[in-house]
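Structure at a glance
Each chain, written out:
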Amino acid sequence: MNVVFVASEAVPFSKTGGLADVAGALPRAIARRGHATSVFIPAHRTVWNSHQPIRDTGLRLSIPVGARTIEARIHESRLPGSEAAVYLVDQPAYFDRPGLYGAGGVDYDDNCERFVFFNRAVLAAVESLKLRPDVIHCNDWQTGLIPVYLKTQPHRFDALGQAGTLFTIHNLAYLGLFRHWEMALTGLEWRLFNWHELEYHGMLSFMKAGLVFTDMIGTVSPTYAREIQTQKLGSGLDDLLRLRAADLRGIVNGIDPETWSPTREPMIALPYDIETVGPGKAACKAWLQHRVGLAERPDVPLLAQIGRLDPQKGWDLLAAVAERLLERDVQLLVLGEGHPKNHELLQDLVRRHPDRVWAYLGFSEDLAHQIEAGADIFLMPSLFEPCGLNQLYSLAHGTAPVVRATGGLADTVVDADVANLACGTATGFVFQDPTPGALWSALERALSLYGDRPAWMRLVRAGMSGDWSWDRGARQYELVYQEIQHKATARASS
Ligand code: ADP
């Protein structure tokens, strides 16, 4: 099969969150299964500092954006250790910027224009490069117009006639909403701006566009696939998703063992595996405590959180239990950036408990690995979580996750209740209601089990023994790609 994967970020070229991890790892796993695979991403400023070999293909394309024509330059690289080609869609005026989608917490005002350009440039490049994909796998709103162009302007894409589309939702909270007059930038007919197709409460939604026009819809966990069909988590698109339920698949993300395994991470103090996790984690913990200036105490539970400081991640719940938690003998580490309110919350906690709380309010890939390796307990009380990668990284590092039972968290963490502890399947601490009380009782259970070393190590090893490799996910995606191929073939012959 020939698969073209399109995303707005991909490790190791660019990253703001989990999408980049997926776009860097899933295509590699697909390529490993013998499929011709290429990845298209914008040439954001960070790609030039990614230390990857990048070659100019010489391909120059004239891309219509509204009334203007903008040049796209196509550069080429590879996903490290893989046959999968990476094509970088370059236009400095759009992508040579400090942030991927915005700066200083504010989205760029021309995001509609930037991503209209990206979507159209990808299709033009796929044609010019004669890639002839069977499946174009789009991801999140930044790629939402690709299925629309293919379905509504097939005459423009003769060479792509056989291509079917998969549109994967990584986070339905981001709808890619633009002012209605920005329709003019898309080159699409105004008749598509209606509430069955591209219109969302008077605005243009790239997410809705992708969901309406794609052949199949994916999302990143079975539980989230169900949740987005409800009014509560459907972002106003639950009706549409219920209508398309037969075409919707939930596949849990994997983790890339090359990047996220404590046996191979060069930045951690001591590599370890399931056999050596005891001394390995102790060394990584001591190193981490020293690095951030907290007391080097092996016995104190070290709790951590890494992620966007967004309300989605349950910061209000954490804020509500923080003081009570810090009455216990614990240490707390946070790595994150985002919402100013949460920056203040963390700065305040550090001011009041400088000997027990440490926070880095920025982005640091190395520190993310070092925290996963050195911490004992990972906090992820998300209000919703499409898949979540950090709980998977935590499981792989023997760091017990405390999670709310939502989306991928519900699908990947096995609660340490009496039955699961007794049969050795427990891997973390799961709570149901998004309330401080429910989070607190999960934390209490975690702290109490931490005091029972043999039971704790059983839980840690159960977590580390799980298979979160992308091979499993890639096999499931392969089946969806086959379904898409059948649909596209049926369409062509009808
Ligand atoms: P989301 O995609 O919603 O942000 P995920 O848990 O799926 O959340 O993935 C987040 C990814 O981004 C993980 O790889 C995590 O380590 C990384 N990450 C988030 N914030 C930071 C940060 N401040 N520094 C380093 N890595 C971060």
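None of the values given here were measured: they were computed from a predicted structure.

Quick look at the overall build of the protein chain now. Each helix and strand in the protein chain was counted, giving 18 helices and 20 strands. Across its three principal axes, the protein chain shows a C-alpha extent of roughly 65 × 45 × 45 Å. Within the protein chain, buried positions represent 60% of all 494 residues. Looking at the protein chain alone, contacts between residues at least 24 apart form 71% of all its contacts between residues at least 6 apart.

What follows is about the sheet that holds strand 1 (residues 2-6). The strand order across the open sheet formed by nine strands is 3-4-5-2-1-8-9-13-14, and the pairing between neighbours is mixed. Each of the sheet's edge strands pairs with one partner strand only, and the pair in question is strand 3 (55-65) and strand 14 (248-250). Geometrically, the sheet is characterised by an average inter-axis angle of 25 degrees between neighbouring strands, direction not taken into account. Where strand 1 meets strand 8 (residues 135-139), four bridges bridge the pair, whose relative direction is parallel. Bridging from a neighbouring strand, Phe5 pairs with His137 of strand 8. Strand contacts of helix 4 (residues 145-152): strand 1, strand 8 and strand 9 (164-169), with the helix running at about 140 degrees to strand 8, the strand carrying the most contacts.

This model, assessed by the stated rule, comprises 33 salt bridges. One salt bridge connects Arg249 with Glu483, and the closest N-O pair in it is separated by 2.7 Å. Residue Arg249 is found in strand 14, and its partner Glu483 is found in helix 18 (residues 470-493); the two are separated by 234 residues along the sequence. A single network of salt bridges, built from pairs that share partners, joins Glu323, Asp348, Arg351 and Arg352.

Before going further, it helps to spend a moment on the domain arrangement of the protein chain. Where the parts come together, the accessible area they lose is often given as the size of the interface. Taken domain by domain, the protein chain consists of domain 1 (2-254 + 471-493) and domain 2 (277-467). Spacing between the C-alpha centres of domain 1 and domain 2 amounts to 33 Å. Buried area between domain 1 and domain 2, summed over both chains or domains, comes out near 1400 Å², and the portion from carbon and sulfur atoms is 56%. Those elements giving two or more residues to the side of domain 1 that touches domain 2 turn out to be helix 1 (18-32) and helix 7 (222-227). For the side of domain 1 that touches domain 2, the element with the highest residue contribution is helix 7, accounting for four residues. A class-by-class count of the residues in the side of domain 1 that touches domain 2 yields seven nonpolar, eight polar and four charged.

This paragraph deals with the sheet that holds strand 10 (residues 177-178). With antiparallel pairing, three strands are arranged side by side in an open sheet as 10-12-11. Edge strands, defined here as strands with exactly one partner in the open sheet, are strand 10 and strand 11 (199-200). Note: strand 10 against strand 12 (residues 203-205), two bridges, orientation antiparallel. Within strand 12, the position partnered with Leu177 by the bridge is Ser205. Contacting strand 10, strand 11 and strand 12, helix 6 (residues 206-213) runs over the sheet at an angle of about 55 degrees to strand 12.

Think of two packed helices as two axes; the pair is described by the angle between the axes and how far apart they sit. Where helix 3 (residues 111-128) contacts helix 4, the axes come no closer than 9 Å and their chain directions differ by 55 degrees. Our classification of the angle between helix 3 and helix 4 gives oblique. Crossing of helix 3 against helix 4: the hand is right-handed. Along the contact surface, helix 3 presents Val116, Asn119, Arg120, Val122 and Leu123, while helix 4 presents Leu145, Ile146, Tyr149 and Leu150. For the contact of helix 3 with helix 4, the per-class residue count stands at seven nonpolar, one polar and one charged.

Mapped onto the fold, Ser82 is located in the loop between strand 4 (68-78) and strand 5 (85-90). Overall, Ser82 belongs to the buried group, its relative accessible area being 14%. Residues within four places of Ser82 in sequence aside, it is in contact with Arg28 and Ala31.

In this section: the pairing of strand 3. The sheet contact formed by strand 3 and strand 4 spans nine bridges and is antiparallel. Bridging across to strand 4, Arg55 finds its partner in Glu76. Here strand 3 folds back onto strand 4, and the loop between the two strands holds two residues, one of which, Gly66, carries a positive phi near 60 degrees.

On to the packing of aromatic side chains. Two aromatic rings are characterised by how far apart their centres lie and by the angle between their planes. Counted according to the given criterion, the structure contains 19 aromatic pairs. Taken together, a centroid distance of 6.2 Å and an interplanar angle of 85 degrees make the contact between Phe115 and Phe118 edge-to-face. Residue Phe115 and its partner Phe118 are located together in helix 3, separated by three residues, close to a single helical turn. An identical accessibility class is assigned to Phe115 and Phe118; each is buried. Clustering of aromatic rings is evident, with ring pairs tying together Tyr94, Phe95, Tyr101, Phe115, Phe117, Phe118, Trp141, Phe178 and Phe206. Seen from the ring of Tyr108, Arg97 lies directly overhead, with NZ or CZ sitting 4.7 Å from the centre.

Procedures and definitions
- Residues numbered from 1 in each chain as written.
- Predicted model: local features only at pLDDT ≥ 70, side-chain atom pairs only at ≥ 80, totals over all residues.
- Heavy atoms only, no water.
- Helix = DSSP H or I, 4+ residues; strand = E, 2+ residues; numbered from the N terminus.
- Buried < 20%, exposed > 50% of the residue type's maximum accessible area, 1.4 Å probe, protein only.
- Contact = heavy atoms within 4.5 Å.
- Pairing = 2+ DSSP bridges.
- Axes fitted to C-alpha atoms, helices over the stretch in contact; angles between N-to-C directions.
- Salt bridge = Lys/Arg side-chain N within 4 Å of Asp/Glu carboxyl O.
- Domains from an automatic or database assignment.
- Buried area = accessible area lost by both parts, 1.4 Å probe.
- Nonpolar A, V, L, I, M, F, W, Y, C, P; charged D, E, K, R; others polar.
- Parallel < 35°, antiparallel > 145°, perpendicular 65-115°, else oblique.
- Left-handed = near helix turned anticlockwise from the far one by under 90°.
- Phe/Tyr/Trp six-rings, centres within 6.5 Å; stacked < 30°, edge-to-face > 60°.
- Lys NZ or Arg CZ within 6 Å of the ring centre and 35° of its normal.

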